[in-house]
Every structure is written in structure tokens, then in C-alpha cells.
Amino acid sequence: MSAIYLLRKISTKTPSRFHRSLFFSTFSKESKPDSSRTNSIRHLSSQRFIPSSIYRFPQSKILPNRKFSTSVETNSSDKSFERIHVQSGAILERIHKIEEEETVSKVNVETERVVREESEAEKEAWRILENAVVRYCGSPVGTVAANDPGDKMPLNYDQVFIRDFVPSALAFLLKGEGDIVRNFLLHTLQLQSWEKTVDCYSPGQGLMPASFKVRTVALDENTTEEVLDPDFGESAIGRVAPVDSGLWWIILLRAYGKITGDFSLQERIDVQTGIKLIMNLCLADGFDMFPTLLVTDGSCMIDRRMGIHGHPLEIQSLFYSALRCSREMLSVNDSSKNLVRAINNRLSALSFHIREYYWVDIKKINEIYRYKTEEYSTDATNKFNIYPEQIPPWLMDWIPEQGGYLLGNLQPAHMDFRFFTLGNFWSIVSSLATPKQNEAILNLIEAKWDDIIGNMPLKICYPALEYDDWRIITGSDPKNTPWSYHNSGSWPTLLWQFTLACMKMGRPELAEKALAVAEKRLLADRWPEYYDTRSGKFIGKQSRLYQTWTVAGFLTSKLLLANPEMASLLFWEEDYELLDICACGLRKSDRKKCSRVAAKTQILVR
Ligand code: GLC
């Protein structure tokens with residue numbers, strides 16, 4: 001019986017929320033990994049709550065990469081992986097069979113305590129983070145979004161958000177605590193198959209909620225029980241679909257395996273099914289002409305109307321990362337081989353599309369400035385029919401000689417020239433962009449330090465929408481006024497992603513400098529959610545205090561910088577073989593040329 005069928009059967013047999021919650025309680029007990037595979041995680045989880053210590057993982061103890069479906073592994077000297085060759089989208093050959101499971105189970109993650117004096121800010125941050133932990137049936141399952149005692153209207157900030165939990169999870173993992181992350185991954189997996197409806201319409205089964213809450217409900221006069229109550233957007237302000245949740249879930253699942261060495265979680269049949277459901281949803285055929293994911297406004301961290309509907313960079317870079325994670329984690333068998341093939345093809349097409357069409361630097365802007373329009377042909381230069389007048393005046397002055405970045409969005413006759421921070425950082429981390437582009441993005445940040453970092457790292461996007469743009473594009477949103485909140489506010493949580501990107505590119509000093517700017521203020525300012533004004537000088541107008549992902553982003557940055565070997569488990573290097581995959585089959589045909597081969601500005605990486 002296929003895994004998908006199994007899950008469907010389960011979901012039709014779990015009629016009420018009450019039944020589900022009972023199911024969850026037993027589920028979490030049953031879900032403990034078997035003893036032969038848990039040495040490492042037990043070992044880690046015994047080191048609980050020692051706030052004044054930092055664990056450094058020695059290089060020699062770093063776990064090997066674990067790859068199932070990653071046929072296009074670049075490190076040819078590494079013989080320890082099963083390798084499958086993929087050509088033109090077809091799996092041709094399985095070359096090497098290894099006793100990988102044994103290798104992994106033999107490896108213990110041993111941690112070595114390196115005593116490092118924690119700053120006052122760090123000590124306080126750990127205290128707040130531990131206070132933010134949410135329990136379900138006695139076990140930790142996540143962290144609330146904010147714990148602001150002065151907040152009379154918490155709205156949904158008392159819930160566990162999938163995206164907000166990622167930096168918390170990493171902080172716990174890097175400290176040696178895996179249980180909370182494991183529980184989170186398994187419980188949110190169950191929510192994935194919840195019957196979700198918005199006005200009688202049911203979105204795809206793979207959808208993950210934006211957030212969930214633990215509620216206590218009365219069964220009868222004397223008995224209560226806890227249930228998990230997810231929000232798939234049906235209560236969210238603006239009814240936004242959380243497209244990023246499933247992508248983050250996959251990214252976190254891989255990180256959990258990498259850091260703890262407990263690969264049994266990702267091997268479970270229900271977890272493999274969860275990955276497949278998310279991937280199937282993302283890879284479903286539609287009307288799209290592009291390999292990028294087409295989404296509505298507000299489908300990610302920027303969860304209000306900000307003119308990012310279409311193909312926003314943030315979703316594309318998370319999608320690319322989730323594809324890479326899935327390729328590593330999915331076990332290849334008859335039921336998954338088509339999906340694996342689709343993943344490989346999409347990875348290749350997506351990276352080509354982003355590298356080629358989203359990239360801007362001074363040279364490219366000059367090209368766009370001189371574009372001819374209305375070109376009707378397969379080898380047009382101005383493929384998307386961009387009118388040069390679209391180049392915003394601010395950009396002509398702003399773009400530095402050195403450096404560049406990936407556009408915020410690309411659609412027919414539309415380029416969103418705003419700089420979106422998360423998407424650019426995550427393109428570095430996942431190697432969606434080329435090594436040269438990655439370097440150039442950091443060069444741009446260095447050159448534009450005052451605009452992107454200023455008094456508080458990091459601007460969510462640059463620049464702000466003002467005047468008519470603000471009125472028309474945000475719908476006159478009073479929360480997103482210029483230089484506030486999503487409209488170019490400064491979000492300290494983005495620090496951990498900046499740190500990871502800098503470490504990947506061998507420039508940790510940039511991250512240290514930004515972290516020092518944040519550390520000067522965060523404790524005194526009581527860990528705000530975001531800051532306002534052009535230079536991030538003021539605590540945000542409607543900013544929550546004691547915002548958990550601000551705290552966790554700060555701690556995770558510290559821990560990553562202290563543990564470069566661990567950080568290196570969380571990013572990806574360029575995969576050269578992926579670049580060779582081309583699924584269009586036109587290369588050999590005389591009649592028509594493959595547009596990738598014909599591309600005028602092939603972005604070379606080698
Ligand atoms: C806001 C943010 C969103 C975050 C949520 C909880 O809605 O826009 O990104 O997940 O708050 O912190």
C-alpha cells in the first residue's frame with residue numbers, strides 16, 4: 001500500500017478534533033525512534049537548559065551528509081552515498097550502494113562544552129526563549145510568537161507560527177536540545193492532513209498551517225483535554241495562504257537530521273509522505289509558463305498586501321531550498337522516482353530562471369535601460385517585455401559599482417526592483433544564485449550598509465513604497481506606512497539568515513558587525529518585533545515586545561558564529577551536475593534551439 005494511501009486512510013478515520021488529539025498523544029509516544037538510532041539524540045537531550053554554556057561540535061564529529069535521492073552529488077570523492085545518475089530528467093543508473101544506515105547509526109554526535117562567557121543579552125534571551133515554550137500533553141511542541149505582558153490584544157501572537165519557530169528550533173538544536181523540534185515536526189505533520197476549509201473550499205492536502213494553538217476543551221463536566229487548533233489562513237487577517245510553512249517545515253526537518261544525527265525521523269513513512277504531499281502540491285501542473293511558484297500576496301513572512309503576488313523571490317528561494325532538502329531526504333523507490341525526477345528537473349530550471357532573469361547589477365540595469373520592446377520571437381532579448389521606464393529613479397543612483405542583487409519579483413512586463421532581504425539571503429544559503437552572484441549580494445549589503453543595516457539589522461525590503469504607491473499597492477494599509485513593518489521596517493529576526501549567508505561566503509565579520517549593532521539595543525528595547533524609519537532608529541509603531549523570533553534570531557546568530565561546523569550543515573554549495581540537467585530535450589534537435597543554451601547572458605559559474 002502506498003504511503004499516500006495510508007495517510008488518506010488515517011485522515012478519513014479521524015473524524016473529530018477530539019479523536020485527533022487522542023491520536024496525537026499516543027502518536028507522540030509511539031514516535032520515539034528505536035534505540036539503535038537514538039543514542040545521539042538522547043545524549044543531546046540530556047543536556048538540558050544550561051544557559052551559560054555553548055556547545056561546540058568538533059569537526060571530527062560532524063555527521064556525514066545523508067542523501068537518498070541526491071543523484072547529482074558533486075563531491076565525487078565521497079564514496080559513501082548511493083548515487084544515481086540523472087540525465088535529461090531520467091534516472092539511468094544506480095552506481096553505488098552503500099551501507100549508509102550503518103555509517104549513520106555508528107556516528108554519535110558528541111558535543112564538547114566550550115565555556116564562553118555569555119553576555120547579559122544572551123542570558124536574558126535564553127530566559128525569554130524558554131518562557132515562550134508551548135507544551136502539549138506535557139511535551140514541548142513550539143514557541144509562541146510573542147510574550148508581551150503589556151499586550152492587551154495579542155491577536156494570534158499567542159500561537160506557534162511555523163516560520164517563527166525556525167530560529168527557535170535552531171537555537172534549541174545548536175544548544176543540544178532536539179526533543180522540542182522533533183515534537184514540533186511530528187505534530188505539525190499531523191495538522192497537514194487536517195480537513196481544512198475556507199468558505200466550503202478545501203485547499204490541497206499538503207498545505208501546512210501558518211500557525212497553531214493548544215486549546216483546552218471540555219469533554220464533559222469533569223474532564224478536559226488538550227487539542228491542537230491550526231490556522232491555515234481561514235482566520236488569518238486577509239485570509240492569506242501560508243505557502244512558506246510547508247517549505248520551512250521541510251528545511252527544518254533536514255536541519256534536525258543534520259544537527260542531531262537522528263535520521264530516523266525523516267525516514268519514517270509518515271514523514272516521507274509529508275514531504276511528498278508538500279512537493280506534489282508545489283509541483284502540480286497549472287497554467288504557469290515559468291518554473292517559479294505563482295502565489296498570492298502575503299503568502300510568506302510578509303503576510304499582508306505589499307504587492308508581492310506573482311513570483312516573489314522569498315517564496316522562490318525557500319522553494320529551491322525545500323527542493324534541495326527533499327532531494328536529499330526522499331528515499332528513492334518505485335513510488336517516488338517520478339517525483340524525484342520532477343524535483344531534479346525543477347531545481348535545474350528554477351536556478352537557471354532566477355540566475356538569468358532575476359539578477360540585476362549596474363551592467364544589467366544599463367541593458368534594461370536600453371531595451372527594445374515588443375519583440376516577438378523565441379530568442380528575444382527582452383523576453384518579458386519590460387519597458388525601460390519601469391526602472392525606478394531611486395535605483396539609478398542607488399545601485400553601487402560593485403555588487404548586485406536578485407529582483408523582488410518578475411512577471412510579464414513587470415520587474416519589482418525592490419531589494420528583498422530574506423529572498424536574497426536564502427538564495428545565498430541554498431546556492432540558488434551563482435557563487436559570483438552570492439558574493440555580489442554581500443558586496444551590495446556592505447556598500448549599502450546604512451540603508452540595509454543602519455541602526456538595527458535588517459531592513460525587510462528596500463526602499464519603502466511611498467505616496468501613491470503606498471496607497472495603491474498596500475491598499476492604504478496603516479500598519480505598512482513607509483519605513484514601517486513590512487514596508488521597509490527593520491526586523492532583527494533576519495539576523496540569523498544574514499549570519500548563515502555571511503558564514504557560507506567566508507565573511508563572518510560582516511555578521512559579527514551587524515550582530516554588535518543589534519546587541520547594543522535589543523535587551524534595553526525589550527526585544528521588539530520590528531523597528532521603524534529609514535535607518536531603523538525607532539521601535540516600530542505597533543511592534544510587539546518580547547517577540548520570540550527576535551530573541552531566537554539573535555541567539556541563533558551567536559550560536560552559528562560560535563559553531564562554524566554546525567553552520568556549514570545548514571547551507572548548500574553549488575551543485576555543478578544540477579546545472580547540466582535540461583529537461584526540454586531540444587538540445588539535439590536541429591529545428592529548435594534550447595533557450596537555455598541560446599541564452600545570451602549565460603551566467604557562468606565555473
Ligand atoms: C506577523 C508577521 C509574520 C509573523 C507573525 C508572527 O504577522 O508578518 O511574518 O509570522 O507576525 O510573528
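Look a little higher up for the structure.
Residues numbered from 1 in each chain as written. Predicted model: local features only at pLDDT ≥ 70, side-chain atom pairs only at ≥ 80, totals over all residues. Heavy atoms only, no water.

Participant: So what's going on with helix α7 (residues 179-192)? Which residues, and what values?
Facilitator: Taking 1.5 Å of rise per residue, 14 residues should cover 20 Å, and α7 covers 20 Å from first to last C-alpha, within 8% of that figure. Across the 14 residues of α7, 13 count as buried, placing the element largely inside the fold. (Helix = DSSP H or I, 4+ residues; strand = E, 2+ residues; numbered from the N terminus. Expected span 1.5 Å × (residues − 1). Buried < 20%, exposed > 50% of the residue type's maximum accessible area, 1.4 Å probe, protein only.)

Participant: Kindly report on the sheet that holds strand β7 (residues 160-161), identifying the contributing residues and their values.
Facilitator: Strand order in the open sheet formed by three strands is β7-β8-β9, and the pairing between neighbours is antiparallel. Of all the strands in the sheet, the pair left with one neighbour each is β7 and β9 (224-231). (Pairing = 2+ DSSP bridges.)

Participant: I'd like a description of the nonpolar core, backed by residues and values.
Facilitator: Counting 161 residues, the largest nonpolar core has W249 and F498 as its most contacted members. For this core, the leading source of residues is helix α8 (residues 243-260), giving 10 residues. Those residues within four positions of F498 in sequence are excluded, and the remaining contacts are F425, L442, I445, W449, I453, L458, L510, A511 and A514. (Core = buried A, V, L, I, M, F, W, Y, C linked by side-chain atoms within 4.5 Å. Contact = heavy atoms within 4.5 Å.)

Participant: Can you tell me about empty space enclosed by the protein, naming the residues and giving the values?
Facilitator: Applying the stated rule across the entire model yields eight cavities of 30 Å³ or more. Every residue lining the largest cavity is listed: V166, L170, I251, L252, R254, A255, W426, W496, L500, L570 and W572. Elements with a contribution of two residues or more to the lining of the largest cavity: α6 (162-175), α8 and α19 (495-504). Here the residues of the lining of the largest cavity are counted per class, giving 10 nonpolar, no polar and one charged. Considered as a void within the structure, the second largest cavity measures approximately 60 Å³ in volume. R163, V166, P167, W248, M301, E314, L422, T493, W496, Q497 and W549 are the residues that line the second largest cavity. Where the lining of the second largest cavity is concerned, the elements lending two or more residues are α6 and α19. For the lining of the second largest cavity, the element with the highest residue contribution is α6, accounting for three residues. A per-class count over the lining of the second largest cavity returns seven nonpolar, two polar and two charged. (1 Å grid on protein atoms, 1.4 Å probe; cavity = no way out; pocket = protein on both sides within 12 Å on 5 of 7 lines; lining within 4 Å. Points joined across faces, edges and corners; volume = space filled by probe spheres on them. Nonpolar A, V, L, I, M, F, W, Y, C, P; charged D, E, K, R; others polar.)

Participant: If you had to explain unusual backbone geometry to someone new, which residues and values would you point to?
Facilitator: Across the junction of P457 and L458, the peptide omega takes the value -5°, indicating a cis bond. Of note, L458 is situated in the loop between α17 (449-452) and β15 (461-462). A cis geometry characterises the amide bond from Y462 onward to P463, with omega recorded as -10°. Phi angles above zero are rare outside glycine, and Y485 is one such case at about 50°. Within the element layout of this structure, Y485 appears in the loop between α18 (467-473) and α19.

Participant: Go over the environment of D361, please, and point to the residues and values.
Facilitator: Note that D361 resides in strand β10 (residues 359-361). For the pair D361 and Q402, spaced 41 residues apart in sequence, the C-alpha to C-alpha distance is 8.0 Å. Look past the residues within four positions of D361 in its chain and what remains in contact with it is I399, G403 and G404. Engagement of the side chain of D361 in a polar contact is seen with the side chain of W359, the distance being 3.2 Å. (Polar contact = N/O pair within 3.5 Å; in protein donor to acceptor, adjacent residues only side chain to side chain.)

Participant: Give me the packing of aromatic side chains: which residues, what numbers.
Facilitator: For any pair of aromatic rings, geometry is given as the distance between the ring centres together with the angle between the planes. Considering all chains together, one arrives at 21 aromatic pairs under this definition. Note on W398 and Y462: the rings are 4.8 Å apart at their centroids and 20° apart in plane angle, and the pair reads as stacked. In this pair, W398 is assigned in helix α14 (residues 393-398) and Y462 in strand β15, connecting sequence segments 64 residues apart. Exposure remark for W398: the relative accessible area of 6% places this residue in the buried category. Residue Y462 is classed as buried on the basis of its relative accessible area, which comes to 8%. (Phe/Tyr/Trp six-rings, centres within 6.5 Å; stacked < 30°, edge-to-face > 60°.)

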